[in-house]
Structure formats: structure tokens, C-alpha cells
Amino acid sequence: MSNLFIKCPSCGVTHFQSILVKSLFVCPECGFHHGIDSAARIKYTVDKGSFTEFGKNLCSLDPLSFPNYEEKLKSSMKATNMNEAVVTGTATIEESPCVIAVMDTRFIMASMGSVVGEKITRAFEYATEHNLPIIIFTASGGARMQEGIYSLMQMAKTSAAAKKHSDKGLLFVSVLTHPTTGGVTASFAYLGDIIIAEPQALIGFAGPRVIEQTINQKLPTGFQRSEFLLEHGMLDKIVSREMMRETLGNILRLHQNVSKPQKEYRIEQYGLK
Amino acid sequence: MEKRDIENELKELQNKLDTLKQDVQGDEKKAILPIINQLEESALSLKAELYRKITPIERVQLARNPNRPTTLDYIKYLIKDFVQFHGDRRFMDDEAIVGGVGFFEKIPVTVIGHQKGRDVKDNIKRHFGMPHPEGYRKALRLMQQAEKFHRPIINFIDTPGAYPGLGAEERGQGEAIATNLYEMSTLRTPIISIVTGEGGSGGALALGVADRVFMLANTIYSVISPEGCASILWRDSSKSGEAAEALKIDANNCLMMGAIDDIIEEPHGGANEDHLKVAANMREKIRIALEELSQYSIETLLEQRYNKFRKIGQFKE
């Protein structure tokens, strides 16, 4: 994002970077949502100064001695100044406390290996222990194949952690951003109590190319995009970047009493008696 | 010489020995029989040697052998009074997954598994064992039914992966798989999953969140197919051999990495060579596992199930 001018891949109009910074990297011309890194996402979403990161020091190994994986990790760490593809921590959104996790596609397409799985799992476990809601901004190319069966098993691990959190009566909001595919779609991304997506995000299990090859026909326009999924009942809501903080703040307020888990509905808790 | 050729020659040798055994009679037979037995034994050990040196991609071919027993075969061999159930109660019956109830020994169990076809027509009907969301939803419905009636669950895993198609995506392939992982993690009944052929990615794992996970000796369990991996990494699916090696997808590696609990032995040439032998080996492992699992309270079982998957992964901090 160091270029002074940025061309919109959707409408082709070029804007000054300074204008896009003000518009949260949403094209003022056509509303296209440019990809943003995890730092920007956190800045746009949580109350200023409220974010405290945990799990920052977790680093990937190369357990399979997979060709070129170590080099790939090194160059991604250098390019992003991050240790792995997800940032986790606590924050407040419009003053409501929560655990937040944000995936960052600049790091090996935010594919899920042991570290991403472990950090997501720890985020759920922290939220469960402290009776906090959790918000996860997903984006991922899927499982990290360079970690073989370890990466596949992260799907089971994160899903089980999400279930424990849910069984305690706590809230999980999943926010799907472009692109969310493969093993992440088929695990925690689709396990939110509430599932929100950014406009025009590509969301699916199989990639469009694989599907085209399998069924041997062109895919319809808009296939696997947020709007398509909303129409097919696979999403609760599409929320633009501009409205995201307000929407999440409102959802958290609507669930603030669930942070004290209880077995049944009691009217007194709302002070109406 | 190719492995296939050696195998054919060994087979021919065995046939000759068999004919010899039949043709020769009386005292002559008495004299020659020990020699024949000896020859048979060395043929067998040669074959063992042959298959010990099997390459990863050859293992993949064994795992995909169309003559391996399928879920319905194992049900025939292991389950008495089986009743098959159909449909997800939402949209349709996906025949890429079959399931139902029956007796294992004297225990009522729910049995579910991917089902590949026996011929082209059957395979088209069953999408080569690649389920749509409805298959996973049927499986979950049957597993929740098992929970209700306190029946253990036995799952057979054999799929190239979940079906990549228009309808599958429209109706929530990702959501269906995710929901199975989620619900299985706290299902209040013992679950045993056995990889009987191809353990293809999330589509396999959706039947694999279990208290005991076994692999047959010549099967694979992988995050991606070797062909898919090769085409992404090297833009060349013909490099699947290298990918199969790099991915470490065989039973020994999966056991070493903690993804499975045990390996079930097969004949050297694969389960396709002796269905009954494999079924017998499997019966024994299931029986022992059910006995072990029945000792625990449900709470302990769930805690162990959670921890089993919780600890999988390699990292530093």
C-alpha cells in the first residue's frame, strides 16, 4: 500500500492513497472493498488503544520438511513483519469487551497451519475462560498444505474449541472477508452464532477453478460471492466496512448479558421489573 | 522390473505351485509337499519385501484400488441385521454416504461411511464417493440418533474429498462439514472412525472427529490430494509422486504425527486381495476399542476426545 495511486480492480478508477485511507480502502467510485492488512482491520474495528495482543510469539515450524516451506515462512515474516497469518487479542468495540482474531492474507494466503489453528483455539479458550464474546475476521486460502495432516487436524481442533465456547452460552460473531475458502470455511468460519460478510467477498469450500474443472462449465456471475450466499441463506447479513464497527458494537450490546452465563431467561436481568 | 510385473510373476509362480499340489499324488506328494510349502513361504516373504519398499504414490494407488472393500462390504462382513437409513430430511438422499443401524457382535451400533461405486453407473450415482452437504447432514442426523439411543458409532472413511460443484456450494458444503466437526466434538456416545481407502481432506475429516481413529495399512489421510498439491505448488499435476512423498500421507506417518491412534493390518498386496482377512483384523480392533471406550464415563470420554485433537500441531513460542 505504499503506492501513491491505487487503481480499483473492479471499476478501474484510480484514486490517491490518501483518499482511500479516509474511505477505509473502499473505492469511492464503485464501493469495491480493497484487501486490508490485519493492523488496518483492527484499527477500523476496535476502540482506540483498546487492543491487547496475545499469542504473538507463536511461530511455525517445518514439521514435514516440506519443499521450500521454510523459505516461504521466512520471506512472509519479513514482508509482513508478523510471525503468522492471524492476530489475536482482546479489545473493546464501542466499549463492549471481546476477544478478536483477524486473519491476514499477506501471510501465505492466511492458510491455516498449526500456528493459525493454535492461536484461534487459544482465542476461543481465552474467551470461554473469561466469559467473553469472540469476533473473528476470516480470510484464508484454506488449509496450509505444507503442514500436511497437522493442518487438516486444525479444522477439528478449532471447531471443538468453538463448541466449548458456545456450550457456555457465549457469543461468536464470524465476519467473512475476501477470500474465505477451503478448510477455514469448513471449520470455524461457518460456526458463528451470527455470520456476517463484507460485500463481494469470495466465500466457498471449493475454489472456483476446481469447480469449473469438475463440472466442465462456466460458473454463473457472482457465484460464491457474499450477495449470492445471502440469497441462498448462508449469511445473516452483508455489512460494508464503513458500518462494521457500529454493527458489531450493536450486536455486542444486544448480547452483553450473556457474558454472565446463566441457565435460563430471567426478566429481572434487564431491569424491567 | 515394475512392481506390477513382479507381482504378476509371483502370482504365476503361486498358480504353478497350486497345480503341482493338485497333480502330484501319493508318496510323491508326501516327498514334494515340504518343498512346495517352502517355496510358497519364500514367495510370500518376497512379496512382503516388495511391498515394504512401496513408494508413497504406489500407496496412493493401493488406497484407490477399486477392488478394495467399500463401506457396504464391511457392513456385510461385520454387522448383523443391518438396516440402512436414507436422507437428510432437508433436501435429498446423498448416496455418496451410506448409514444405518445393526449389531456389531451383540452391540447395537450406528454405522456410517463414504460409499464409492463398484462400476461406472454406480459411481456416477454416488459421485465417486464425494458427498454433497446432504451426505454430511444425513451422517450427522444418524450420529445424533445414535447419541439419543446410546449406541456407539462406527464411521468408515473413503473419499477423494467433498464434491466440488454448484449445488454443493449453494447449499453450504463448508457449513455442513464445519457443523459435523463441531457437533461430533461433543457427541455423547463413543465414536470410532476407520480410514478404509482415501482420507481426502475436510470431506474425510467430517466423519473423523472420533475417540479412536484407525487407518488400514495401505490407506492415505491427507489435507489435499497429491495431484491437487502438485498442481498448486508446481503447476504440474503429473508431479503427484513428489507431492505424495512430501505430504507424508501414509498410515505410519499419520500415526507418528498423532493424527490417528492405530493401524489395521492388510494383506501385502492390499485389502483388495483378501476382504475377509481385512474384515477380521478390523473386527478385532473395533471390539477392543469398544471395550476400552466403554470403561469411561461420557464426561471423561469427551474430555479425552477434546484433548486428543487439541494437542495436534507443531510450533514454537
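Please read all numbers here as calculations on a predicted model, not as lab measurements. (Residues numbered from 1 in each chain as written. Chains lettered and ligands numbered in written order. Predicted model: local features only at pLDDT ≥ 70, side-chain atom pairs only at ≥ 80, totals over all residues. Heavy atoms only, no water.)

K.L.:
For this particular structure, what's the right way to read the overall build of chain B?
P.N.:
Regarding its fold elements, chain B presents 14 helices and nine strands. When the backbone C-alpha atoms are referred to their principal axes, chain B occupies close to 70 × 50 × 50 Å. Of all 317 residues assigned to chain B, the portion counted as buried reaches 54%. Summarising the internal contacts of chain B: among those between residues at least 6 apart in sequence, 71% fall at separations of at least 24. With the model as given, the accessible surface of chain B reaches about 14400 Å², and the carbon-plus-sulfur share is 52%. Side-chain charges in chain B split into 43 positive and 48 negative, and the spacing between the mean points of these groups amounts to 3 Å. (Helix = DSSP H or I, 4+ residues; strand = E, 2+ residues; numbered from the N terminus. Buried < 20%, exposed > 50% of the residue type's maximum accessible area, 1.4 Å probe, protein only. Contact = heavy atoms within 4.5 Å. Areas by Shrake-Rupley, 256 points an atom, 1.4 Å probe, with all protein chains shown as cover. Lys, Arg positive; Asp, Glu negative; His and termini not counted. Charge placed at Lys NZ, Arg CZ, Asp CG, Glu CD.)

K.L.:
What's the story with a nonpolar patch on the surface in this structure? I'm lost.
P.N.:
Among the surface-exposed residues, A:Leu4, A:Phe5, A:Phe16 and A:Ile19 lie close enough to one another that they form a single nonpolar patch of about 420 Å² accessible area. Within the secondary structure layout, A:Phe5 lies in strand β1 (residues 5–7). (Patch = residues over 30% accessible without salt bridge, like charges linked within 9 Å, V, L, I, M, F, W, Y side chains within 5 Å. Salt bridge = Lys/Arg side-chain N within 4 Å of Asp/Glu carboxyl O.)

K.L.:
Sorry if this is basic, but what is going on with the domain arrangement of chain A here?
P.N.:
Put simply, an interface is often sized by how much accessible area is lost when its parts join up. Residues and elements named next belong to chain A. For chain A, the domain assignment lists domain 1 (1–34) and domain 2 (36–257). Between domain 1 and domain 2, the C-alpha centre-to-centre distance is 24 Å. Contacts between domain 1 and domain 2 engage eight residues on the former and nine residues on the latter. Of the roughly 740 Å² buried between domain 1 and domain 2 on both sides combined, carbon and sulfur atoms contribute 59%. Where domain 1 meets domain 2, there are zero salt bridges. Here domain 1 is connected to domain 2 by four residue pairs in polar contact (both at pLDDT 80 or more). (Domains from an automatic or database assignment. Buried area = accessible area lost by both parts, 1.4 Å probe. Polar contact = N/O pair within 3.5 Å; in protein donor to acceptor, adjacent residues only side chain to side chain.)

K.L.:
How should I be thinking about unusual backbone geometry in this particular structure?
P.N.:
Note on backbone geometry: most residues besides glycine have negative phi, and most peptide bonds are trans. The omega angle of the peptide bond from A:His178 to A:Pro179 is -20°, so this bond is cis rather than trans. Position of A:Pro179 relative to the elements: it lies in strand β8 (residues 172–181). Positive phi values are uncommon outside glycine, yet A:Met109 reaches one of about 55°. Relative to the helices and strands, A:Met109 resides in the loop between β6 (96–103) and α4 (114–129). Taking relative accessible area as the criterion, A:Met109 reaches 39% and is therefore assigned partly exposed. Positive phi, normally seen in glycine, also occurs at B:Arg235, with a value near 50°. You can see B:Arg235 is positioned in the loop between α10 (226–233) and α11 (240–247). Exposure remark for B:Arg235: the relative accessible area of 68% places this residue in the exposed category.

K.L.:
I would appreciate a short explanation of the domain arrangement of chain B in the present structure.
P.N.:
Residue and element names in this part refer to chain B. According to the domain assignment, chain B contains domain 1 (3–53) and domain 2 (60–311). Each partner contributes residues to the interface: domain 1 has five residues there, and domain 2 has four residues. Counting across the domain 1 and domain 2 interface gives one salt bridge. Of the charged contacts in the structure, one is a salt bridge between glutamate 273 and lysine 47, with a shortest N-O distance of 3.0 Å. Linking domain 1 to domain 2 there are one residue pair in polar contact (both at pLDDT 80 or more). With four residues, the single largest contributor to the side of domain 1 that touches domain 2 is helix α2 (residues 26–52). Grouping the constituent residues of the side of domain 1 that touches domain 2 by class yields three nonpolar, no polar and two charged. (Nonpolar A, V, L, I, M, F, W, Y, C, P; charged D, E, K, R; others polar.)

K.L.:
What is the right way to read the packing of helix α5 (residues 148–167) of chain A against helix α8 (residues 173–184) of chain B from this model?
P.N.:
Two quantities define a packed helix pair, namely the angle between the axes and the distance from one axis to the other. Contact pair α5(A) / α8(B): the axes reach a minimum separation of 8 Å and the direction vectors enclose 65°. With respect to the hand of their crossing, α5(A) and α8(B) are arranged in right-handed fashion. Two secondary-structure elements touch here, α5(A) through A:Met155, A:Ala156, A:Ser159, A:Ala162, A:Lys163 and A:Ser166 and α8(B) through B:Ile177, B:Ala178, B:Leu181, B:Tyr182 and B:Glu183. (Axes fitted to C-alpha atoms, helices over the stretch in contact; angles between N-to-C directions. Left-handed = near helix turned anticlockwise from the far one by under 90°.)

K.L.:
How do you make sense of the side chain of B:Thr70 when you look at a structure like this?
P.N.:
Residues and elements named next belong to chain B. Looking at the secondary structure, you find threonine 70 in the loop between α3 (56–63) and α4 (71–78). On the basis of relative accessibility, which here comes to 6%, the residue threonine 70 falls in the buried class. Here threonine 70 is in contact with Gln115, Lys116 and Arg118, once residues within four sequence places are set aside.

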